[in-house]
Number of protein chains: 2
Amino acid sequence: MTQTSLSPAPSSAPTAPEEATRVAVSTVIFTLRRDPLDDQTVVLPLVRRTRDPHEGLWALPGGWLNPTESLDAAASRTLAETTGIAPSYLEQLYAFGAVDRSPARVVSIVYWALVRPDEIPNDVVENVSWFDAAELPRLAFDHNEIVEYALWRLRNKVGYSRIAHGLLADAFTLAELREVYESILGRRLDPANFRRQVENSGTLIPTDRFRTGSHRPARLYRYNQDVELADRGPLVVRH
Amino acid sequence: MTQTSLSPAPSSAPTAPEEATRVAVSTVIFTLRRDPLDDQTVVLPLVRRTRDPHEGLWALPGGWLNPTESLDAAASRTLAETTGIAPSYLEQLYAFGAVDRSPARVVSIVYWALVRPDEIPNDVVENVSWFDAAELPRLAFDHNEIVEYALWRLRNKVGYSRIAHGLLADAFTLAELREVYESILGRRLDPANFRRQVENSGTLIPTDRFRTGSHRPARLYRYNQDVELADRGPLVVRH
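Overview of the structure. These numbers come from a predicted model, not from an experiment. (Residues numbered from 1 in each chain as written. Chains lettered and ligands numbered in written order. Predicted model: local features only at pLDDT ≥ 70, side-chain atom pairs only at ≥ 80, totals over all residues. Heavy atoms only, no water.)

A side chain of one charge can pair with a side chain of the opposite charge if their charged atoms are brought near each other. Summed over all chains, the structure comprises 20 salt bridges over all chains. Note that Glu176 of chain A is salt-bridged to Arg211 of chain A, the shortest N-O span being 2.9 Å. Here Arg211 of chain A lies in strand β8 (residues 204–211) and Glu176 of chain A lies in helix α3 (residues 174–185), a separation of 35 residues in the sequence. The exposure class assigned to Glu176 of chain A is partly exposed, which follows from its relative accessible area of 25%. The shortest N-O distance in the salt bridge between Arg34 of chain B and Glu179 of chain B comes to 3.1 Å. Residue Arg34 of chain B is found in strand β1 (residues 22–34), and its partner Glu179 of chain B is found in helix α3 (residues 174–185); the two are separated by 145 residues along the sequence. Given a relative accessible area of 41%, Arg34 of chain B falls into the partly exposed group. (Salt bridge = Lys/Arg side-chain N within 4 Å of Asp/Glu carboxyl O. Helix = DSSP H or I, 4+ residues; strand = E, 2+ residues; numbered from the N terminus. Buried < 20%, exposed > 50% of the residue type's maximum accessible area, 1.4 Å probe, protein only.)

Below, the structure written as structure tokens:
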């Protein structure tokens, strides 16, 4: 290796096109959708590819990094351009860079977000469709692997952070919160145990409002904003 | 934008050199070092830059991604080339891609690892020095920000994972484990509370061996390998 430093030599020749590594961004957007049996499932939007490689296969929304925009901005822009979705916050998930993941050498910086169903535009967007995250067809590139990793992170994250917040309204009942956890984890949770655990966690504040309807009134809770948000950390999103 | 797809148009012209985005890797290697007052501090190796930009400043070990190697392999190779350190496992930390972080456009995929002091070669390597993570000089590029983020992740991670494992021998006393936590968190922990918490966590297994010395014998523990490792997830490291 002649270059082990971060600085290109001033006289470095232009990289030959066949050797250039290109940087792309892709986005995994999870939300919950109620199925005909009234169960909630985790779904995500995919975009049908209209050119090779992998023409006709479904892929994560994404595109090339523009040289004058940050990674965060590229993720937001390409998501909006392909799907019309504009979440208030995207989190960086992982950089995928296997040599054989694309015919050309492409490093994809993958972002993800959880959005509430009401944050998704109702417009039908050409070549975009929503898929059950647990029952995906074969996707383009390594996108099955990427979604699998995002689901794994999602299931891990519900245990130690307020990630379910992104899928709920500002005020919610404990049953609604439990249903979100059940959808993500793919299993039922004992209501009494669940209530005890979240009440002991200090992350929820009871409000004096109640959800009324066909069942007995259920108290509404909100997340305690004073608890330090461990989710985002010191990185400021710069666009 | 003319390209919103992951596939370059077959006839796309070579990217002009001044517009090309380059991909680099950098590595944050944390270990503990005992200071003259017998306290342990978190330290990391830095490499002095021998060329512009930022000639003379200290920077994280790293280098350019080779087009024929994975991100993981590039991180391992450049770390070994610059510092001689070869940890058994590097974890991807974050991709840094602010437009102004380097005179040229560089996206850096940053890896990190925790290594035990005995895993570090004793050789003196030219232009490499170890620094207290809490008292860094001004580093090249955005590397102060990168180290700050890595420290934040480290402090968060001790709470829910077995990250301290990387800094300990296979068998260790509870006092040794507590000292690692104290070094990372930068504060003292109550020994009785700490013992109760780790014993309740189910992650430690008592052995029938004891550390003997100037104090009364202390039982040695090891990590329970049956507890699912939430640290690494489904991503297989492919070199």
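Attention now moves to the environment of Ala86 of chain B. Residue position: Ala86 of chain B is located in the loop between α1 (71–83) and β5 (91–96). Along the sequence, Ala86 of chain B and Ser76 of chain B sit ten residues apart, while their C-alpha atoms lie 6.8 Å from each other.

Moving on, we get to unusual backbone geometry. What is expected of a backbone is that most residues other than glycine have negative phi and most peptide bonds are trans. Following Asp52 of chain A, the chain continues into Pro53 of chain A via a peptide bond in cis, with omega recorded as -5°. Counting through the fold element by element, Pro53 of chain A comes out in the loop between β2 (40–48) and β3 (58–59). The backbone phi angle of Asn127 of chain B is positive, close to 65°, even though this residue is not glycine. With respect to the helices and strands, Asn127 of chain B occurs in the loop between β6 (106–114) and β7 (128–132). Overall, the relative accessible area of 28% leaves Asn127 of chain B in the partly exposed class. Not every positive phi belongs to a glycine, and Phe141 of chain B is a case in point at roughly 50°. Residue classification places Phe141 of chain B among the buried positions, given a relative accessible area of 13%.

The values are spatial; any link to function lies outside them.
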